[in-house]
Number of protein chains: 2
Amino acid sequence: MPDKVKRNICLTIEYDGTNYCGWQVQNHSKSVSTSSPSIQATIESALRKILQEKIKLIASGRTDAGVHALGQVANFHTRSKLPLERIQKALNSLLSRDISIIKIEVVADDFHSRFSAKSKLYRYTILARPHHSAFLKNQVYFMPFPIDVLLMQKEARALLGRHNFKAFQATQKKERNPFKTIKRVKIVKSADLLTIDIEADGFLYNMVRNIVGTLVEIGRGRRAPGSLKKILLSKDRKLAGPNAPARGLALLKVKY
Amino acid sequence: MPDKVKRNICLTIEYDGTNYCGWQVQNHSKSVSTSSPSIQATIESALRKILQEKIKLIASGRTDAGVHALGQVANFHTRSKLPLERIQKALNSLLSRDISIIKIEVVADDFHSRFSAKSKLYRYTILARPHHSAFLKNQVYFMPFPIDVLLMQKEARALLGRHNFKAFQATQKKERNPFKTIKRVKIVKSADLLTIDIEADGFLYNMVRNIVGTLVEIGRGRRAPGSLKKILLSKDRKLAGPNAPARGLALLKVKY
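Predicted model only: the values in this text are computed from it and were never measured. (Residues numbered from 1 in each chain as written. Chains lettered and ligands numbered in written order. Predicted model: local features only at pLDDT ≥ 70, side-chain atom pairs only at ≥ 80, totals over all residues. Heavy atoms only, no water.)

Student: Before we move on, can you summarise the domain arrangement of chain A with the specific residues and values?
Tutor: Residue and element names in this part refer to chain A. For chain A, the assigned domains are domain 1 (3-107) and domain 2 (119-255). On a C-alpha basis, the centroid separation for the pair domain 1 and domain 2 is 27 Å. Counting residues at the interface gives 18 residues for domain 1, matched by 17 residues for domain 2. A buried area of about 1,300 Å², summed over both sides, lies between domain 1 and domain 2, and 51% of it is on carbon and sulfur atoms. Summed over the shared surface of domain 1 and domain 2, the number is 1 salt bridge. The residue Asp-64 makes a salt bridge to Arg-209 at a minimum N-O spacing of 3.2 Å. (Domains from an automatic or database assignment. Contact = heavy atoms within 4.5 Å. Buried area = accessible area lost by both parts, 1.4 Å probe. Salt bridge = Lys/Arg side-chain N within 4 Å of Asp/Glu carboxyl O.)

This is the structure in structure tokens:
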């Protein structure tokens, strides 16, 4: 029976992940001592101060250390009657400038940021020019080599649809359902910025960064035509390219 | 007599000024102990390592602590015969990611980054929306209040032309020629970003930030129409608005 006195509140969150260990402390790094906080713990602690109540945030999914978000979604249940606008203002003044609550709304009791999500859209950004950028240093993968965008676009078509994406799953991660549906891959070069947008109903751990690492090798002419499809069908992580750096990745949007 | 064995080399430089005490240690802060390095000393030290020669950089002008540049210009004379491309590559790999050498070229012997400049273009950026930005935190002045852009544009017209700009000069700075010619003022709001571009043949110390601080008060409805002209004519710094924060300011371009 739903708790009628509790509101289910949903936040849309923008963050620069550079100085955080990720949305949440990752399981496999529990043994590693880390001095940087998680985004989740940072927001939960601010909410606790504002609402005088212990709050558990449910996010659409985790993001890794150094990965950013322009539209992470997370909801929580609270007995507090504080107006939404005041919660948002209080959060934005308590939180560090690395995190911004860009939207706040009351959602249905059964809304769940992760289970209700239909798809997620990630963007990977590469700076493709001879010299780096002083302003985007933590937000792009700097690539001072020629890169063939057309070749990347052609090869990327093999990713569309429902596949077993095990070849692009982080090796240190335990088995889970490796079948995902990629709905859209869009590779665009505008001036010096090359962006790779991937929308899917779900992602395996490190999947976007492993796909990007492979696509970059393709763009640099280091893989024969048809490689991406072969790697995908092999389900063998060892055949794929390296994991691209976290700083180029951002969760753009979660669709419900 | 020009030294025929010396080349005069000109750099175009992009930098994020957040972690620097400015282009150069400012005279008036010589007594203050500062732990952050200057942009100039950082680049000179890298050049010394690369060229095995003591190098003196001549910039188009100083920028303050926290102020950025997309197109600072600085030249130096050297006996080194190292190809330009190698100097640029070596600089960009030695320098921190906060500084990027975006162009390098040989210029005429008598070219002087400061004296040869015809005008400089500064941009001040304001983020005008209720919540801050996780990504632009060090590059904008965050303004969560309504602001009347039309009013700012109207008042700013009084700045155009040759005037005594003493009213907008930092009080701690010693007297120098206070007459400058503002060639262009362009105030544009696009989405949440309000940019104020000012091009002049020269600027007094803190002039752009003092003008912006005044324009912001105008945009917030805190000054009567005609105030900007009155302040300008008064030559009285006490009548102008506060000095806007350094982080919103960037030297966009120097024209020769």
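Student: Could you give an account of the packing of helix H3 (residues 149-156) of chain B against helix H4 (residues 207-219) of chain B, naming the residues involved and the relevant values?
Tutor: Residues and elements named next belong to chain B. Two elements in contact, H3 and H4, have axes separated by 8 Å at closest approach and are oriented at 130°. One element, H3, and the other, H4, form an angle in the oblique class. Here H3 runs over H4; the crossing is right-handed. Contact with H3, carried on its side by Leu-151, Met-152, Glu-155 and Ala-156, involves Leu-215, Val-216, Ile-218 and Gly-219 of H4 and no other residues of that element. A class-by-class count of the residues in the contact of H3 with H4 yields 6 nonpolar, 1 polar and 1 charged. (Axes fitted to C-alpha atoms, helices over the stretch in contact; angles between N-to-C directions. Helix = DSSP H or I, 4+ residues; strand = E, 2+ residues; numbered from the N terminus. Parallel < 35°, antiparallel > 145°, perpendicular 65-115°, else oblique. Left-handed = near helix turned anticlockwise from the far one by under 90°. Nonpolar A, V, L, I, M, F, W, Y, C, P; charged D, E, K, R; others polar.)

Student: Can you tell me about the relation of the copies chain A and chain B, naming the residues and giving the values?
Tutor: Overlaying chain A with chain B gives an RMSD of 0.0 Å, the required rotation being 180° about an axis along which the chain moves by 0.0 Å. Both copies are brought into coincidence by an operation consistent with a two-fold rotation axis. Mapped onto chain B, 100% of the interface residues of chain A are again interface residues, and the two copies thus contact each other with one and the same surface. (Least-squares fit on C-alpha atoms with pLDDT ≥ 70 in both.)

Student: Residues and numbers for the packing of aromatic side chains, please.
Tutor: The description of an aromatic ring pair uses the distance of the two centres, along with the angle that the planes make with each other. Residues and elements named next belong to chain A. As enumerated under the stated definition, the model contains 8 aromatic pairs over all chains in all. With a centroid separation of 5.0 Å and an interplanar angle of 90°, the aromatic rings of Tyr-122 and Phe-203 are classed as edge-to-face. Of this pair, Tyr-122 sits in strand S5 (residues 119-127) while Phe-203 sits in the loop between strand S9 (193-200) and helix H4 (207-219), and the two are 81 residues apart along the sequence. Take Tyr-122 and Phe-203: they sit in the same class, and that class is buried. Geometry around Phe-145 places Arg-220 over its ring, the cationic atom sitting 3.7 Å from the centre. (Phe/Tyr/Trp six-rings, centres within 6.5 Å; stacked < 30°, edge-to-face > 60°. Buried < 20%, exposed > 50% of the residue type's maximum accessible area, 1.4 Å probe, protein only. Lys NZ or Arg CZ within 6 Å of the ring centre and 35° of its normal.)

Student: Residue-level account of the environment of Trp-23 of chain A, with values.
Tutor: All names here are of chain A. For Trp-23, the location among the structural elements is in the loop between strand S1 (7-15) and helix H1 (39-51). Given the relative accessible area of 2%, Trp-23 is considered buried. C-alpha separation for the pair Trp-23 and Phe-142, spaced 119 residues apart in sequence, amounts to 24 Å.

Student: So what's going on with the confidence of the model for chain A? Residues and values would help.
Tutor: All names here are of chain A. Per-residue confidence for chain A gives a mean pLDDT of 93, with 94% of residues at or over 70. Below pLDDT 50 for its whole length, residues 29-33 participates in 0 contacts with residues either more than four positions away or in separate chains. Two summary scores accompany this predicted model of the complex, namely pTM at 0.87 and ipTM at 0.80. (pLDDT = per-residue confidence, 0-100.)

Student: Could you give me a rundown of the interface of chain A and chain B, with the residues and numbers involved?
Tutor: Each partner contributes to the interface: chain A provides 24 residues, whereas chain B provides 24 residues. For the pairing of chain A and chain B, the buried interface totals around 1,900 Å² over both sides, and the portion due to carbon and sulfur atoms is 56%. Contact with chain B buries area across many residues of chain A, yet Arg-97, His-132 and Phe-135 of chain A alone supply 39% of it, more than any other trio. Applying the counting criterion to the chain A and chain B interface returns 6 salt bridges. Put simply, Lys-137 of chain B and Asp-98 of chain A hold a salt bridge, and the shortest N to O gap is 2.9 Å. On inspection of chain A and its partner chain B, the count reaches 10 residue pairs in polar contact (both at pLDDT 80 or more). Looking at the side of chain A that touches chain B, the elements with two or more residues in it are S1, strand S3 (68-78), helix H2 (84-94) and strand S4 (99-107) of chain A. Counting residues per element, the side of chain A that touches chain B draws most heavily on S4 of chain A, at 4 residues. Taken together, the residues of the side of chain A that touches chain B sort by class into 9 nonpolar, 9 polar and 6 charged. (Polar contact = N/O pair within 3.5 Å; in protein donor to acceptor, adjacent residues only side chain to side chain.)

Student: So what about a positive patch on the surface? Which residues, and what values?
Tutor: Residues and elements named next belong to chain A. Taken together, the side chains of Arg-48, Lys-54, Lys-56, Arg-62, Arg-114 and Arg-176 make up a positively charged region of the molecular surface. Mapped onto the secondary structure, Lys-56 falls in the loop between H1 and strand S2 (58-59). Residue class for Lys-56 comes out exposed when judged on its relative accessible area of 57%. (Patch = residues over 30% accessible without salt bridge, like charges linked within 9 Å, V, L, I, M, F, W, Y side chains within 5 Å. Areas by Shrake-Rupley, 256 points an atom, 1.4 Å probe, with all protein chains shown as cover. Lys, Arg positive; Asp, Glu negative; His and termini not counted. Charge placed at Lys NZ, Arg CZ, Asp CG, Glu CD.)

Student: Explain H2 of chain A to me, and be specific about the residues and the numbers.
Tutor: Residues and elements named next belong to chain A. For H2, the full list of buried residues reads Ile-87, Gln-88, Leu-91 and Asn-92. On an axial view of H2, the arc spanned by its buried residues comes to 125°, and they lie on one face. Those residues of H2 that are exposed and aimed more than 90 degrees away from the buried face are Glu-85, Arg-86, Lys-89 and Ser-93. Where H2 is buried, its residues touch S1, H1 and S4. (Arc of directions from axis to C-beta.)

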